[in-house]
Amino acid sequence: MAPDPASNPEPQSTRRPPGIVILALSFLPWAVYWWTASQANPAGVLIALGISCALLAEQVLARSARILDIASLTYFIVAAVGTYGSDTGMFVDTAGPLSFATLLVVALTSLIVRRPFTSEAAKYDYPRQYWRNPTFLATHSITTIVWSGVFFICAVIVAFSETPLTSPLIIALMTAALIFTAFFQTRGQGYLIQQRFKPYEWHVRVVPGGDRQQNEFDIAVVGAGIGGLGTAALLAKEGYKVLVMEQQPEVGGFCGSLMRDDFVFSSGVLSIGGVWDNGPVVKMLDSLGVQSANLFSRHSSRLMYKGQRIDMGNGANGVVNSLSDIFPEESARIGAFVQDASEAFYQLHEYTRVFGSPLPDHLVVQLMGERAAAQLPRSYPALYDWMNKSYADKLGEYLTNTNLKVLLSSAPGQNGTTAEDTPGLRALIGVIGPMLEGSYYPAGSPRNLAAALADSVRQHGGTIMTAYRTDRILTDRRQVRGVRSGDEIFQAHVVVANVNARACALQLLEANEVGGPYIDFIKSLGMSRSAFVVYAGVDSDLSRYPSLITDIEGDYTILINSNLDPRLAPRGRASITMVAPIGYREFPSREEREYEDRKRQFAALLIRKATEVIPELDGRIAVLEAATPRTLESRTSMPEGAMYGFDQSSRGRRPHFRAPITGLYFVGSSTYPGAGIESAIVSATICANDIRGWKRV
Ligand SMILES: Cc1cc2nc3c(=O)[nH]c(=O)nc-3n(C[C@H](O)[C@H](O)[C@H](O)COP(=O)(O)OP(=O)(O)OC[C@H]3O[C@@H](n4cnc5c(N)ncnc54)[C@H](O)[C@@H]3O)c2cc1C
């Protein structure tokens with residue numbers, strides 16, 4: 001069922017008292033009880049019972065009873081029956097030990113059932129979407145543990161000494177717990193997030209324009225993929241002396257092109273997101289002074305599913321209309337889903353407006369402070385909801401039709417994961433962004449995007465050395481000193497590794513510098529799937545087809561390069577790139593005899609499948625070439641030829657953008673926010689900002 005916005009308690013709009021006041025109110029019946037009991041007056045039991053009833057009545061009406069108030073009511077019912085029914089004085093004479101023992105049991109039980117009792121009052125401060133957030137729960141587990149300690153100490157004090165319940169010591173302990181809760185729930189969340197990244201808290205101050213020797217650089221970048229080039233371009237523009245070292249003769253990494261006869265093909269990249277006014281790609285190009293207006297062509301997309309052709313419209317309305325035509329009974333739900341997704345997507349890009357890219361949570365805390373960061377879930381409830389859920393969770397909240405969910409999960413995203421294991425954040429970047437703001441192709445083919453960044457590096461005095469492999473990242477006492485290629489040493493104050501983090505940690509660094517635990521962590525990271533790619537020059541005019549066609553059941557995508565830029569094939573002909581994800585081990589190594597046979601068979605199979613979608617391919621392939629997982633591996637040194645680097649699913653963690661070696665950064669698909677051209681640009685923006693010092697754009 002689609003959530004009804006009206007049933008979603010928004011604290012700002014309903015103007016309820018702050019959660020800390022609600023928590024304090026829950027102790028009101030206890031305070032009255034303790035005060036009257038200390039004067040040996042049993043009437044306090046009845047007054048406390050009355051207050052408890054009133055507190056709980058309001059919660060029953062709101063259909064959300066809090067564990068502490070339920071326990072209080074239960075206690076005072078039992079106490080009233082005991083005091084007035086069986087005439088026992090126990091609930092007055094031993095009020096202290098009994099009540100603190102009860103509160104201790106309540107607090108511990110709430111921890112065991114993962115509903116720390118302080119979190120229930122704090123829910124008044126946060127939107128429903130944030131209540132399951134692990135940091136929110138961790139923060140309140142800590143405050144509840146503190147309360148448990150206070151209850152325990154109070155129980156011991158009143159049980160084993162003459163201290164009355166109204167003594168300053170008891171009042172001080174309870175007040176301290178309340179003040180700690182108020183403080184920690186605004187500061188604690190940021191504190192906990194920062195703790196996770198403690199080992200990576202270093203900063204190397206590099207001042208641009210300093211005196212440098214010939215082979216001495218401010219920044220050395222290993223690898224000229226989009227992440228490496230983007231970082232280098234941003235820093236060169238700031239006046240840093242930058243060196244980019246690329247092992248291949250061409251820059252671009254996976255974002256490359258291939259030319260055969262008169263046909264030009266994307267070497268793999270099918271579509272690019274983030275190409276809109278406030279998108280990270282446009283933001284970066286703008287800040288480099290690169291004109292983005294003529295650099296991209298917008299895709300037209302078609303999905304093939306169960307014999308149906310679904311041409312997706314542009315923008316939120318276009319998508320809703322295209323899908324509602326096929327699933328009219330789901331129309332309202334599709335609208336609600338797209339509305340929720342667009343709220344979250346634009347909330348994510350609020351950071352882009354200010355800092356040029358979305359930010360991981362620890363940077364949000366670092367840049368905005370703990371207190372401001374604690375406010376964000378209130379300001380961006382939709383975003384925090386997506387961040388806590390999988391894409392399948394979000395689809396399931398709104399949509400019922402399985403076929404519709406399959407269609408919405410199939411966008412040629414940048415994950416290589418299923419909806420179930422795609423984290424909401426990845427879905428926002430890889431699926432929702434292109435849906436709302438379009439997906440694009442660099443005019444003249446993907447290499448042109450890399451070339452534009454490389455030109456920017458050179459124009460600003462940076463050096464790019466191609467066909468130069470970095471053999472070692474030089475370090476001394478866990479601090480980078482530079483890079484070595486063959487016999488040549490290049491000193492650098494900061495090294496940015498665009499090479500995959502596993503290849504970097506295991507091949508380019510000294511193991512004892514990296515440290516065993518980090519190496520174990522890196523080894524534990526799984527890789528994403530690889531791909532088989534076919535490049536076909538076709539002796540037919542395919543301009544009547546959309547530029548991007550995804551066959552969902554066939555599990556492959558066809559990109560008609562020449563439909564986006566007619567210069568990419570001779571007149572009346574077409575250049576197509578077909579990508580089918582496959583496992584690395586599904587393909588033999590190049591040395592094995594059957595390698596070439598398998599390559600031919602796979603290519604023929606993919607062409608056959610594609611001919612069902614584009615009959616004009618039949619017998620009209622003039623140029624044919626293919627790339628296997630082994631080709632992808634050798635092209636970029638990406639372990640297992642993984643097309644998206646590390647596993648992009650919610651199971652997979654990924655390295656922080658600062659390595660545990662001072663001065664060593666990771667950029668590109670290895671780190672936040674993951675794989676894809678847009679994400680590589682986000683990581684480059686973050687890395688460059690971190691090196692030069694954060695400033696608002
Ligand atoms: C078939 C395929 C299809 C894809 N489709 C899409 C898509 O449609 N949309 C999308 O957004 N993304 C797509 N991707 C993913 C996207 O291409 C990558 O996530 C992105 O390009 C990664 O950029 P990067 O900055 O991490 O660098 P990479 O592209 O991984 O480049 C790293 C560079 O480092 C160099 N290098 C490595 N080791 C060394 C060394 N020791 N010394 C010097 N240089 C070194 C490599 O040669 C390479 O140039 C696709 C990928 C593949 C393979």
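Residues numbered from 1 in each chain as written. Predicted model: local features only at pLDDT ≥ 70, side-chain atom pairs only at ≥ 80, totals over all residues.

### Side note on the overall build of the protein chain
For the protein chain, the count of helices and strands is 29 helices and 18 strands. Expressed along its principal axes, the backbone C-alpha trace of the protein chain runs to roughly 100 × 65 × 50 Å. Expressed as a percentage of the 697 residues in the protein chain, the buried residues total 50%. The long-range share in the protein chain, meaning contacts at least 24 apart out of those at least 6 apart in sequence, stands at 73%. (Helix = DSSP H or I, 4+ residues; strand = E, 2+ residues; numbered from the N terminus. Buried ≥ 20, exposed ≤ 12 C-beta atoms within 10 Å, placed from the backbone. Contact = placed C-beta atoms within 7 Å.)

### Concerning helix 14 (residues 331–348)
If you check helix 14, its first and last C-alpha atoms are 26 Å apart, about what 18 residues at 1.5 Å a residue would give, namely 26 Å. Every buried residue of helix 14 is listed here: Arg333, Ile334, Phe337, Val338, Asp340, Ala341, Ser342, Ala344, Phe345, Tyr346, Gln347 and Leu348. Summarising the contacts, the buried residues of helix 14 are in contact with helix 13 (315–326), helix 15 (350–355), helix 18 (381–388), helix 19 (391–398) and helix 21 (424–437). (Expected span 1.5 Å × (residues − 1).)

### Considering unusual backbone geometry
Residue Pro673 is reached from Tyr672 by a cis peptide bond, and omega for that bond is 0 degrees. Topologically, Pro673 is positioned in the loop between strand 18 (664–666) and helix 29 (677–692). Positive phi, normally seen in glycine, also occurs at Asp261, with a value near 50 degrees. By the element assignment, Asp261 lies in the loop between strand 3 (257–260) and strand 4 (263–266). Taking the C-beta count within 10 Å as the criterion, Asp261 has 12 such neighbours and is therefore assigned exposed.

### Re the sheet that holds strand 16 (residues 574–582)
The seven strands lie next to each other as 7-6-14-15-16-13-17, forming an open sheet whose pairing is mixed. The strands lining the two open edges of the sheet, one partner per strand, are strand 7 (308–312) and strand 17 (621–627). For this sheet the average axis-to-axis angle between neighbouring strands, irrespective of direction, equals 20 degrees. Sheet analysis places strand 6 (residues 301–305) next to strand 7, joined by five bridges and oriented antiparallel. Within the sheet, the bridge partner assigned to Tyr305 lies in strand 7 and is Gln308. Packing against the sheet, helix 27 (residues 594–613) makes contact with strand 6, strand 13 (530–538), strand 14 (548–551), strand 15 (556–560), strand 16 and strand 17, and its axis sits at approximately 65 degrees to strand 13. (Pairing = 2+ DSSP bridges. Axes fitted to C-alpha atoms, helices over the stretch in contact; angles between N-to-C directions.)

### Re the pairing of strand 14
Along a regular strand, successive side chains alternate from one face of the sheet to the other. Taking every second residue as pointing to the same face, both faces of strand 14 are buried, with Leu548 and Thr550 on one and Ile549 and Asp551 on the other. Bridge count between strand 6 and strand 14: four bridges; the pairing is parallel. Across the sheet, the residue bridging to Leu303 is Thr550, located in strand 14. Sheet topology note: the strand 14/strand 15 ladder contains four bridges and is antiparallel. From the neighbouring strand, Asp551 faces strand 15, where its bridge partner is Tyr556. In this structure, the hairpin formed by strand 14 and strand 15 is closed by a connection of four residues, where Asp555 is found at a positive phi of approximately 60 degrees.

### A short note on the packing of helix 10 (residues 168–196) against helix 16 (residues 361–368)
Their axes nearest at 9 Å, the elements helix 10 and helix 16 cross at an angle of 120 degrees. The orientation of helix 10 with respect to helix 16, classified from their angle, is oblique. For helix 10 against helix 16, the interelement crossing comes out left-handed. Residues Gly190, Ile193, Gln194 and Arg196 of helix 10 touch helix 16, and the partners they reach there are Asp361, His362 and Val365. Split by residue class, the contact of helix 10 with helix 16 holds two nonpolar, three polar and two charged. (Parallel < 35°, antiparallel > 145°, perpendicular 65-115°, else oblique. Left-handed = near helix turned anticlockwise from the far one by under 90°. Nonpolar A, V, L, I, M, F, W, Y, C, P; charged D, E, K, R; others polar.)

### Quick word on the pairing of strand 10 (residues 472–475)
Where strand 10 lies against strand 11 (residues 480–485), four bridges are found, and the strand directions are antiparallel. For Thr475, the partnering residue across the bridge sits in strand 11 and is Val480. Here strand 10 folds back onto strand 11 in antiparallel fashion, the turn holding four residues, of which Arg477 has a positive phi close to 45 degrees.

### As for the nonpolar core
Counting residues in each nonpolar core, the largest one holds 119 residues, and the members touching the most others are Ile219, Ala220, Leu229, Val242 and Val495. Take this core: its biggest share by element is nine residues, from helix 29. Not counting chain neighbours up to four residues away, the residues in contact with Leu229 comprise Ala224, Val244, Val251, Ala450, Leu453, Ala454 and Val457. Counting 46 residues, the second largest nonpolar core, distinct from the first, contains Leu383, Ala419, Leu428 and Ile429. (Core = buried A, V, L, I, M, F, W, Y, C linked by C-beta atoms within 7 Å.)

### A look at helix 11 (residues 226–237)
With 12 residues, helix 11 should reach 16 Å at 1.5 Å per residue; the first-to-last C-alpha distance of 16 Å fits that figure. Of all 12 residues that make up helix 11, 12 are buried, and the element is covered over most of its length. Taken residue by residue, helix 11 has Ile226, Gly227, Gly228, Leu229, Gly230, Thr231, Ala232, Ala233, Leu234, Leu235, Ala236 and Lys237 as its buried positions. Looking at the buried positions of helix 11, the neighbouring elements they touch are strand 1 (216–222), strand 2 (242–245), helix 12 (280–288), helix 22 (447–459), strand 12 (488–497) and helix 29.

### Some details on the domain arrangement of the protein chain
Domains assigned within the protein chain are domain 1 (5–196), domain 2 (216–294 + 443–526 + 652–692), domain 3 (311–438) and domain 4 (530–636). For domain 1 versus domain 4, the separation of C-alpha centres amounts to 64 Å. (Domains from an automatic or database assignment.)

### What to know about the site of the ligand
For the ligand, the set of nearby residues contains 41 residues, the closest of which are Gly223, Gly225, Gly227, Gly253 and Gly668. In terms of residue class, the shell around the ligand is built from 21 nonpolar, 17 polar and three charged. (Near = placed C-beta within 6 Å.)

### What about the packing of helix 9 (residues 134–160) against helix 10?
It is at 9 Å that the axes of helix 9 and helix 10 come closest, and there the two elements cross at 165 degrees. In this view, helix 9 runs roughly antiparallel relative to helix 10, as classed from their interaxial angle. Of the two elements, helix 9 crosses helix 10, and the hand of that crossing is right-handed.

### Remarks on the environment of Ala101
Here Ala101 shows up in helix 7 (residues 95–112). Judged by local crowding, Ala101 falls into the partly exposed class, with 16 C-beta atoms found within 10 Å.

### Notes on the confidence of the model for the protein chain
Any segment with low pLDDT has predicted coordinates that should not be analysed in fine detail. Here the protein chain averages 91 in pLDDT, and 97% of its residues register 70 or above. Segment residues 1–13 is flagged for pLDDT under 50; beyond a separation of four residues in sequence, or across chains, it makes 17 contacts in the model. (pLDDT = per-residue confidence, 0-100.)

### Re the environment of Ile681
Its location among the elements puts Ile681 in helix 29. Taking the C-alpha atoms as reference points, Ile681 and Gly369, separated by 312 residues in sequence, lie 25 Å from one another. Ile681 has contacts with Ile226, Gly230, Gly274, Pro280, Val281 and Met284, leaving out every residue within four places of it along the chain.

### Here we look at the environment of Ala344
Locating Ala344 in the fold gives a position in helix 14. Remark: the alpha-carbon pair of Ala344 and Met387, spanning 43 residues in sequence, is separated by 9.1 Å. Look past the residues within four positions of Ala344 in its chain and what remains in contact with it is Ala382, Leu383, Asp385, Trp386 and Leu428.

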